[in-house]
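Residue-level structural notes
What follows is each chain in one-letter form.
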Amino acid sequence: MRTHVLLLMLLAPAVAPAWGADTAALLSRGQTLVTVGDWAHGVPACRDCHAADLGGTPPSIPALTGLAAPALTAVLHGLQQQAPTDAPSSVMHAVSQNLSEGDIAAVSAYIAALKPGEVPAELRPGYDTGYHAVAQSTDGFTPPPLNAIPAGPEGDVIWQGLQVMSHTRAAAGAYVGDALDCVDCHLDQGRGADSSPMWAAYVTYPKYRAKNHRVDSLIQRLQDCFRYSMNGKPPAADSAEMNALIAYFKWLATGLPVGLTPKAAGYPKLAPPPAPVDRARGAAVYAADCAMCHGDDGAGRSARGELVFPPLWGSRSYNWGAGMERLSNAAAFIHANMPYGAGGMLSVQQAWDVAAFVDGHPRPQDPRYTGRLEETRQLYHASDSYYGQTVDGQLLGGPGSD
């Protein structure tokens, strides 16, 4: 990918971006694209892949810093025009198609203006006093924009909830036992319609959950997320972190009817695989389309000591009680959202196969473990799971298998 980008820089015409009259607005838009993205138009944040300092994530994702605006503009134009040939360029080709000329100018100008060593900061936008909430349909809901977060104490708590959602290890580290953040499974700061959005969760709880054989409140559901997906401990119902998350979710749901299940609740249902799942085929898909971000060993990718992409198995990933260890959940999420920024690129069969490959690996024990593997399997993993089965010679969920 680095060679691919450098060639584009050399071959593409170095046309200066159209700066426009309002340089401050241009740079602000660029900063938003770099730190938050524009998921409504299919554009993830640059830093999500190129690392927080934009210094690149080895071995496949290059640095963006140190390049002049015309060079960055030429790279993005080249990615738009050139047919994808490998996994990194396929993803960036897909993302670049969703960038307008104004976006290309903005992101190029902002990155070029960064000082050496400067880490782009996510800024809380000022409150837009012209925003007016309106009632919306459950089938086509759009949560409010970030600049609609109100000023004052309530807005401060909503912003804190967004930080817990987006940077969970940093903002709620006492409750996290793995190397994941909430947004690893709930994209676009919990807004993404194909990744179990939090605005939908807010209006559908309390509800009965077969997993617990009871009606759970939203707080209890979130506590389970920390217990299983984060492999940690649940925050108290009255903790600052829990209060902030609930406030953020309530704000996201502004204008959404209560009592009706939104069309986008949970993960999208995926059709059964056309053929039986095959972990060997899944391994090939993983090597071609997933390993560049999550590593050949599934341990994620780091850059300069900071984790950029999350681990998918092993001791630092979600445990056997998490919903993502269910093949159906993992396949649906993968098909809709992966590779990151290019969801829908994989076929239904490929999504099921790679889900089987990922979930057929060791991970931390289910907190509900009874002390007997087969008993735990029968109680909680009798179907749609590799827990308690021997895969590649290893008994998953058994002693020493995380």
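Scroll up a little and you will see the structure.
Criteria and cut-off values
- Residues numbered from 1 in each chain as written.
- Predicted model: local features only at pLDDT ≥ 70, side-chain atom pairs only at ≥ 80, totals over all residues.
- Heavy atoms only, no water.
- Helix = DSSP H or I, 4+ residues; strand = E, 2+ residues; numbered from the N terminus.
- Rg over C-alpha atoms; globule rule 2.2 N^0.38 Å.
- Buried < 20%, exposed > 50% of the residue type's maximum accessible area, 1.4 Å probe, protein only.
- Areas by Shrake-Rupley, 256 points an atom, 1.4 Å probe, with all protein chains shown as cover.
- Lys, Arg positive; Asp, Glu negative; His and termini not counted.
- Charge placed at Lys NZ, Arg CZ, Asp CG, Glu CD.
- Contact = heavy atoms within 4.5 Å.
- Phe/Tyr/Trp six-rings, centres within 6.5 Å; stacked < 30°, edge-to-face > 60°.
- Expected span 1.5 Å × (residues − 1).
- Salt bridge = Lys/Arg side-chain N within 4 Å of Asp/Glu carboxyl O.
- Axes fitted to C-alpha atoms, helices over the stretch in contact; angles between N-to-C directions.
- Parallel < 35°, antiparallel > 145°, perpendicular 65-115°, else oblique.
- Nonpolar A, V, L, I, M, F, W, Y, C, P; charged D, E, K, R; others polar.
- Left-handed = near helix turned anticlockwise from the far one by under 90°.
- Pairing = 2+ DSSP bridges.

**With respect to the overall build of the chain**
- Helix and strand counts for the chain stand at 17 helices and 8 strands.
- For the chain, whose C-alpha radius of gyration is 22 Å, the value lies close to the compact-globule estimate of 21 Å for 402 residues.
- Along the three orthogonal principal directions, the C-alpha set of the chain runs to about 65 × 50 × 40 Å.
- By residue count, 52% of the 402 residues in the chain fall in the buried class.
- On the chain, roughly 17,800 Å² of surface is accessible, and the fraction owed to carbon and sulfur atoms is 56%.
- Considering the chain, the positive charge centre built from 27 side chains and the negative charge centre built from 36 side chains are found 5 Å apart.

**Remarks on the side chain of Gln189**
- With respect to the helices and strands, the residue Gln189 is situated in helix α9 (residues 187-190).
- Those residues in contact with Gln189 that sit more than four places away from it in its chain are Val36, Glu122, Leu146, Leu162, Met165, Ser166, Val183, Tyr248 and Leu252.

**Regarding the environment of Thr390**
- With respect to the helices and strands, the residue Thr390 is situated in strand β7 (residues 390-391).
- We classify Thr390 as exposed; its relative accessible area is 55%.
- Along the chain, Thr390 and Thr261 lie 129 residues apart, while their C-alpha atoms are 38 Å from each other.

**What about the packing of aromatic side chains?**
- Within the structure shown, the criterion is met by 10 aromatic pairs.
- On the numbers, 6.0 Å between centres and 50° between planes, the contact of Tyr248 with Phe249 is tilted. Each member of the pair, Tyr248 as well as Phe249, is classed as buried.
- Geometrically, the ring pair formed by Tyr248 and Trp251 is stacked, given 6.2 Å between the ring centres and 20° between the ring planes. Of this pair, Tyr248 and Trp251 both sit in helix α12 (residues 240-252), 3 residues apart, which is roughly one turn of that helix.

**Focus on unusual backbone geometry**
- A cis amide bond links Tyr205 with the next residue in sequence, Pro206, at an omega value of 0°.
- In this structure, Pro206 sits in the loop between α10 (198-204) and β3 (207-209).
- Following Met338, the chain continues to Pro339 via a peptide bond in cis, the omega torsion being -5°.
- Of note, Arg304 is a non-glycine position whose phi angle comes to about 55°, a positive value.

**Concerning helix α6 (residues 101-113)**
- Here α6 contains 13 residues, and its C-alpha end-to-end distance of 18 Å stays within 8% of the 18 Å for a straight helix at 1.5 Å per residue.
- Along α6, the positions that sit buried rather than exposed are Asp103, Ile104, Ala105, Ala106, Val107, Ser108, Ala109, Tyr110 and Ile111.
- Buried-residue contacts for α6 involve α2 (23-35) and α4 (69-81).

**Points about the pattern of salt bridges**
- Considering all chains together, one arrives at 18 salt bridges under this definition.
- Residues Asp38 and Arg29 are paired through a salt bridge, measuring 2.9 Å at the closest nitrogen-oxygen approach.
- Note that Glu325 and Arg326 form a salt bridge whose closest N and O atoms lie 3.5 Å from each other.
- On the basis of relative accessible area, Glu325 is assigned to the buried category, the value being 1%.
- For Arg326, a relative accessible area of 22% translates into the label partly exposed.
- What you see here is one network of salt bridges that share partners, running through Arg209, Arg214, Asp216, Asp224 and Arg227.

**As for the packing of α2 against α6**
- Contact geometry of α2 with α6 gives a least axis separation of 7 Å together with a crossing angle of 85°. Comparing the axis directions of α2 and α6 gives the class roughly perpendicular. Of the residues in α6, those touching α2 at Leu26, Leu27, Arg29, Gly30, Gln31, Leu33 and Val34 are Gly102, Asp103, Ala105, Ala106, Val107, Ala109, Tyr110, Ile111 and Ala113.
- Split into classes, the residues belonging to the contact of α2 with α6 amount to 11 nonpolar, 3 polar and 2 charged.

**Brief notes about the packing of helix α11 (residues 218-229) against α12**
- Between α11 and α12, the shortest axis-to-axis distance is 11 Å and the interhelical angle comes to 115°. For the pair α11 and α12, the crossing hand works out as right-handed. Contact residues: α11 offers Leu218, Ile219, Leu222, Gln223 and Phe226, while α12 offers Met242, Leu245, Ile246 and Phe249.
- Within the contact of α11 with α12, the residues separate by chemical class into 8 nonpolar, 1 polar and no charged.

**What about the pairing of strand β6 (residues 306-309)?**
- Of the pairings in the sheet, the one linking strand β5 (residues 301-303) to β6 comprises 3 bridges and is antiparallel in character. Across the sheet, the residue bridging to Arg301 is Phe309, located in β6.
- The hairpin turn running from β5 into β6, its antiparallel successor, is 2 residues long, and Arg304 in that turn takes a positive phi close to 55°.

**Considerations on α4**
- Here α4 is 13 residues long and its end C-alpha atoms lie 18 Å apart, about the 18 Å a rise of 1.5 Å per residue gives.
- In terms of burial, α4 is a largely internal element, 10 of the 13 residues being buried.
- The complete set of buried residues in α4 reads Ala69, Ala71, Leu72, Thr73, Ala74, Val75, Leu76, Gly78, Leu79 and Gln80.

The values are spatial; any link to function lies outside them.
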